[in-house]
Amino acid sequence: DWTADSFVETTIAALKEKLGDDKVVLGLSGGVDSSVAAVLLHHAIGKNLHCIFVDNGLLRKDEYQSVLDSYQHMGLNIKGVDAKQRFYDALAGLTDPEKKRKAIGRVFIEVFDDAAHEVQDVKWLGQGTIYPDVIESVSVKGPSATIKSHHNVGGLPDFMKLKVVEPLNTLFKDEVRRVGAALGIDPNILGRHPFPGPGLAIRILGEVTSEKVAILQEADAIYINNLRAGGVYDKVWQAGSIFLPVQSVGVMGDERTYENVICLRAVESLDGMTADWCHLPYDLLAKISNEIINNVKGINRVVYDISSKPPATIEWE
Ligand code: XMP
């Protein structure tokens, strides 16, 4: 019978055997899969695992530093790369969602390749690919999928010529979480909502600027903190805020305002393929709305998305 403990034991032994004294580079995203893959590899090969965590400037508020800290806490050999400006430059002037995704994927590959080159004699690329990614590799989105679509283009970045080691590629998501728990990984990391690779860029409709990112980060932090404080976070499959570059008239004190809209989204789902919008308590929504409008400059209206998937998607772009 499959148990997380026996999986951990046999996988670490197999990784030791397979990798010997070889070096591995692995991109951490802050998500569950890459974190669990990294900790397994770390148990097997220690400092020969070189983790790279890229700040693309599109993460949630304070997420880069807090995730970096918790990885360092776990003893991982990790290098953080501040590449915010490279991503913002690449996104300047782009409004089409697919062009935005492509630009982010391209810059990620460049940044990761630069960082991987700083590791001498690396032989392997570690990845947190899980079984559903393997069977659906065509429809999977995000950095790994972007990497795949570039395979056809030729002129591969050097790290893509490495041998690939994917310790989780036989597991489903719930099994990955159980393995993570068996490894003693922080429940806060294991219980995190899914977050798309292109990050807040696909939650800012139209052109992305650092100013809009800052506004969305503030509003989103208020939203997520309230979901946690209200005991709702763990009951929701995924939640996030969307910046709508639509202006509407409001009134603040005696002043007329003409500002943007934040949309709140929360869904229940098993795998992201279909999803129902969550019936969040009205009192909680009221509190979040007040806090956002009173505290986030540039926002004077908050709306709640009551669309399910299909026909809507979870993300707006
Ligand atoms: P949609 O919007 O297609 O999202 O209903 C389904 C799930 O996939 C995530 N998602 C992405 N993840 N790169 C990713 O890594 C992407 O480009 C991307 N687009 C959507 C989304 O957050 C949801 O969990």
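Definitions and limits used
- Residues numbered from 1 in each chain as written.
- Predicted model: local features only at pLDDT ≥ 70, side-chain atom pairs only at ≥ 80, totals over all residues.
- Helix = DSSP H or I, 4+ residues; strand = E, 2+ residues; numbered from the N terminus.
- Rg over C-alpha atoms; globule rule 2.2 N^0.38 Å.
- Buried ≥ 20, exposed ≤ 12 C-beta atoms within 10 Å, placed from the backbone.
- Contact = placed C-beta atoms within 7 Å.
- Domains from an automatic or database assignment.
- Nonpolar A, V, L, I, M, F, W, Y, C, P; charged D, E, K, R; others polar.
- UniProt positions renumbered as here; feature names shortened; annotations may be inferred.
- Pairing = 2+ DSSP bridges.
- Axes fitted to C-alpha atoms, helices over the stretch in contact; angles between N-to-C directions.
- Expected span 1.5 Å × (residues − 1).

A. Broad picture of the overall build of the protein chain. The helix and strand tally for the protein chain stands at eleven helices and nine strands. Since a compact globule built from 317 residues should have a radius of gyration of about 20 Å, the 20 Å found for the protein chain is in line with a globular shape. Across its three principal directions, the C-alpha atoms of the protein chain cover 70 × 45 × 35 Å. Across the 317 residues that make up the protein chain, the buried fraction comes to 34%. Put simply, 75% of the contacts in the protein chain that link residues at least 6 apart link residues at least 24 apart.

B. Geometry of unusual backbone geometry. In this structure, Pro-310 follows Lys-309 across a cis peptide bond, with omega equal to -15°. Topologically, Pro-310 is positioned in the segment after β9 (299-304). Omega for the peptide link from Pro-310 to Pro-311 comes to 5°, which places this bond in the cis form. When you line up the elements, Pro-311 lands in the segment after β9.

C. Fine view of the domain arrangement of the protein chain. Looking at the protein chain, the domain boundaries give domain 1 (4-190) and domain 2 (209-304). Taking only C-alpha atoms, the centre of domain 1 and the centre of domain 2 are 29 Å apart. The interface is formed by five residues belonging to domain 1 together with six residues belonging to domain 2. Residues belonging to the side of domain 1 that touches domain 2 are distributed by class as follows: two nonpolar, one polar and two charged.

D. View of the environment of Tyr-71. Relative to the assigned elements, Tyr-71 resides in helix α3 (residues 63-73). Overall, Tyr-71 belongs to the buried group, with 23 C-beta atoms counted inside 10 Å. Once you skip the residues sitting within four places of it in the chain, Tyr-71 turns out to touch Leu-28, Cys-51, Phe-53, Leu-76 and Ile-78.

E. The UniProt feature "binding site: ATP" (unreviewed entry) in the protein chain, seen in detail. In this numbering, the UniProt entry assigns the feature "binding site: ATP" (unreviewed entry) to Ser-29, Gly-30, Gly-31, Val-32, Asp-33, Ser-34 and Ser-35. Looking at the secondary structure, you find Gly-30 in the loop between β1 (23-28) and α2 (32-45). You can call Gly-30 buried: it has 20 C-beta atoms within 10 Å. Apart from residues no more than four positions distant in its own chain, Gly-30 is found in contact with Glu-63 and Val-67. Overall, Ser-34 belongs to the buried group, with 22 C-beta atoms counted inside 10 Å. With near-sequence residues (within four places) excluded, Ser-34 lies in contact with Leu-26, Gly-27, Leu-28, Ser-29 and Gly-128.

F. Region of interest: the sheet that holds β1. The parallel open sheet is built from five strands, whose spatial order is β3-β2-β1-β4-β5. In this open sheet, the two strands that pair with only one neighbour each are β3 (78-82) and β5 (163-165). Adjacent strand axes in the sheet meet at a mean angle of 30°, parallel and antiparallel pairs treated alike. Strand direction decides the pairing type here: β1 and strand β4 (residues 122-126), joined by four bridges, are parallel. Its bridge partner being in β4, Lys-23 is matched across the sheet by Val-122.

G. Inspection of α2 at higher detail. Taking 1.5 Å of rise per residue, 14 residues should cover 20 Å, and α2 covers 20 Å from first to last C-alpha, within 8% of that figure. Burial within α2 is extensive, with 13 of its 14 residues counted as buried. Of the residues flanking the end of α2, it is Gly-46, one or two places downstream, whose phi is positive at about 55°.

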